[in-house]
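Close look at the chain arrangement
Chain by chain, the residues:
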Amino acid sequence: MPGLRLVPPLAVSPPDGRSSPARLVARHLAPAAFGGLVLAAILLAPGCASAARSTPSIAAPPVSDSTTVAELQRQAIALLPHLDTPLAREFVAATAGLPHIATRFVWYDSTRTHYWRDGEALALADTTRARLIRRELDEQFYYDTRYGTPLAYARPLELLARAGFTGVAGKRIADFGYGTIGHLRLLAALGADVTGIDVDPLLDRLYGEPGDRGVVTGANGRQGRITLATGSFPGDSAVAATVGGGYQLFLSKNTLKNGYLHPAQPVNPRMLVHLGVDDTTFVRSMAGVLAPGGLAMIYNLCPAPSPPGKPYIPWSDGRCPFSREQWNAAGFEVLQFDRDDSPAARAMAHALGWDQGPQPMDLAHDLFATYTLVRKRG
């Protein structure tokens, strides 16, 4: 499936431009289609017309502006009229305040397990630096890395808002397997205190410049914060300490898939997600960082399973890897379990142009979505 990488977000990830199974879709962007796209009737949910009238406006960037920020704003314009909740609309509208990012350089070793920012690498001994590889990372890589547009988070936020999570200002949000900073910046611009958790060491170096972390000021002077925790959660004590607790939302998109944790067939371990703890411990750790009444959501986009005789695709099994019994035993109330969200996901994908361009997706037959939503008792 185009746009899928063979290394999941919680495995060590080489910055080599390979496609990603973890978060769709890196190469399904059709910039020319975003601004004036007329969407199919399946996009029109009740209340969309009135919602669009109350949505903050975004000025369309000039046609000549081909920057990633401009493309994100065009995507937002395409999505705005078709989002049904203030939270989702404010999230995509926050693209109006995204900063442009100058090209950065990251160095890494042959194992792709250690990374250095440009200044750090230049301070190394010449013999050491000579064995490293230097890579140029532009604004597009900054905002979507290998995982595609951050605006795909609009759909889980829409579902959360309908479940009562109507705003993020002043709330703590953890994103497990965040993979890219774009959506974290948008949430922080709305006033959220958001923590991204990921094992990929590249992210720690890519997002290590001033302004990447800490306080983010959004529209109307709202201030949020970005914290990044690099390493294994909850097994790494330093990571667990950075994450802390008191969250109102624990979100994971395209990371906690049943196929990643419990593959139906033997596969290369690098194609899997390794939690470092057993399932029961992980679910209890999720409960431990949430405040009473806090929500946890697993939202997964997946391709179709392989046909008989073809190699098994672990990321095509997007079912929740944890059972109802495990959720209940950890102190959660199960609100939705493996709920099919494919029609709405395909509508979002159409708005984002994933079915256009040189490698169009067959949305009806090769894009599926499921989600699980639970609430901590208390």
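Residues numbered from 1 in each chain as written. Predicted model: local features only at pLDDT ≥ 70, side-chain atom pairs only at ≥ 80, totals over all residues. Heavy atoms only, no water.

Looking now at helix H4 (residues 86–93). Burial of H4 is extensive: six of the eight residues sit out of reach of the surface. Buried within H4 we find Leu 87, Ala 88, Arg 89, Phe 91, Val 92 and Ala 93. (Buried < 20%, exposed > 50% of the residue type's maximum accessible area, 1.4 Å probe, protein only. Helix = DSSP H or I, 4+ residues; strand = E, 2+ residues; numbered from the N terminus.)

Residue position: Gly 167 is located in the loop between helix H8 (154–162) and strand E4 (172–176). Gly 167 gets classed as partly exposed once you look at its relative accessible area, which sits at 21%. Separated by 81 residues in the primary sequence, Gly 167 and Pro 86 have C-alpha atoms spaced 8.1 Å apart.

Grouped together as the largest cluster of nonpolar side chains are 68 residues, with contacts concentrated most on Phe 91, Val 92 and Trp 354. The residues contacting Val 92, other than those within four sequence positions of it, are Ile 58, Ala 76, Leu 79, Leu 80, Leu 83, Leu 151 and Ala 154. Core analysis: the next-biggest nonpolar cluster, separate from the first, contains 32 residues, Val 289, Ile 313, Cys 320 and Val 334 among them. (Core = buried A, V, L, I, M, F, W, Y, C linked by side-chain atoms within 4.5 Å. Contact = heavy atoms within 4.5 Å.)

This part is about helix H9 (residues 182–189). Along H9, eight of the eight residues are buried, which leaves the element largely enclosed by surrounding structure. Residues of H9 that are buried: Gly 182, His 183, Leu 184, Arg 185, Leu 186, Leu 187, Ala 188 and Ala 189. At the exit of H9 stands Gly 191, carrying a positive phi of roughly 100°.

So, on to the packing of H4 against H8. Orientation of H4 relative to H8, taken along the N-to-C sense of each, is 150°, at an axis distance of 7 Å. What the angle tells us is that H4 and H8 run roughly antiparallel. Of the two possible hands of crossing, H4 and H8 adopt the one that is right-handed. Between H4 and H8, the residues in contact are Leu 87, Ala 88, Phe 91 and Val 92 and Ala 154, Leu 157, Glu 158 and Ala 161, respectively. (Axes fitted to C-alpha atoms, helices over the stretch in contact; angles between N-to-C directions. Parallel < 35°, antiparallel > 145°, perpendicular 65-115°, else oblique. Left-handed = near helix turned anticlockwise from the far one by under 90°.)

Sheet strands pair via backbone hydrogen bonds, and the direction of the pair is either parallel or antiparallel. The sheet built from eight strands is open, its strands ordered E6-E7-E5-E4-E8-E9-E11-E10 with mixed pairing. Either end of the sheet is taken by a strand with one partner, and the two such strands are strand E6 (214–217) and strand E10 (332–340). Adjacent strand axes in the sheet meet at a mean angle of 15°, parallel and antiparallel pairs treated alike. Against the sheet, helix H13 (residues 279–289) touches E4, strand E8 (247–253), strand E9 (290–302), E10 and strand E11 (368–376), its axis set at about 130° to E9. Of the strands in this sheet, E9, E10 and E11 touch helix H15 (residues 342–351), which is tilted by about 115° from E11. (Pairing = 2+ DSSP bridges.)

This part is about the pairing of strand E1 (residues 104–108). Of all the five residues making up E1, four are buried; the element is thus mostly covered by neighbouring parts of the structure. As paired elements, E1 and strand E3 (residues 133–137) share five bridges and run antiparallel to each other. By the bridge assignment, Arg 104 is partnered in E3 with Leu 137. In the sheet, E1 pairs with strand E2 (residues 115–117) via three bridges, with the strands oriented antiparallel. Pairing of Trp 107 across the sheet is with Trp 116, part of E2. Taking the residues between adjacent antiparallel strands as the criterion, E1 and E2 are bridged by six residues, where Arg 112 takes a positive phi near 55°.

Position of Arg 129 among the secondary structure elements: in helix H6 (residues 126–129). Judged by its relative accessible area of 18%, Arg 129 falls in the buried class. When sequence neighbours within four positions are dropped, the list of residues in contact with Arg 129 reads Trp 107, Ala 121, Leu 122 and Leu 124.

This part is about the sheet that holds E2. With antiparallel pairing, the three strands of this open sheet are ordered in space as E2-E1-E3. Each end of this open sheet is capped by a strand with a single partner; those strands are E2 and E3. In this sheet, adjacent strand axes meet at a mean angle of 30° when their direction is disregarded.

Glancing now at the layout of surface pockets. Its boundaries defined by the atoms lining it, the largest pocket holds a volume of some 290 Å³. Every residue lining the largest pocket is counted, 18 residues in all, and those nearest its centre are Ala 93, Ala 94, Ala 189, Gly 218 and Ala 219. Considering every element that reaches the lining of the largest pocket, the biggest residue donor is H9, with three residues. Among the residues making up the lining of the largest pocket, the classes are represented as eleven nonpolar, four polar and three charged. (1 Å grid on protein atoms, 1.4 Å probe; cavity = no way out; pocket = protein on both sides within 12 Å on 5 of 7 lines; lining within 4 Å. Points joined across faces, edges and corners; volume = space filled by probe spheres on them. Nonpolar A, V, L, I, M, F, W, Y, C, P; charged D, E, K, R; others polar.)

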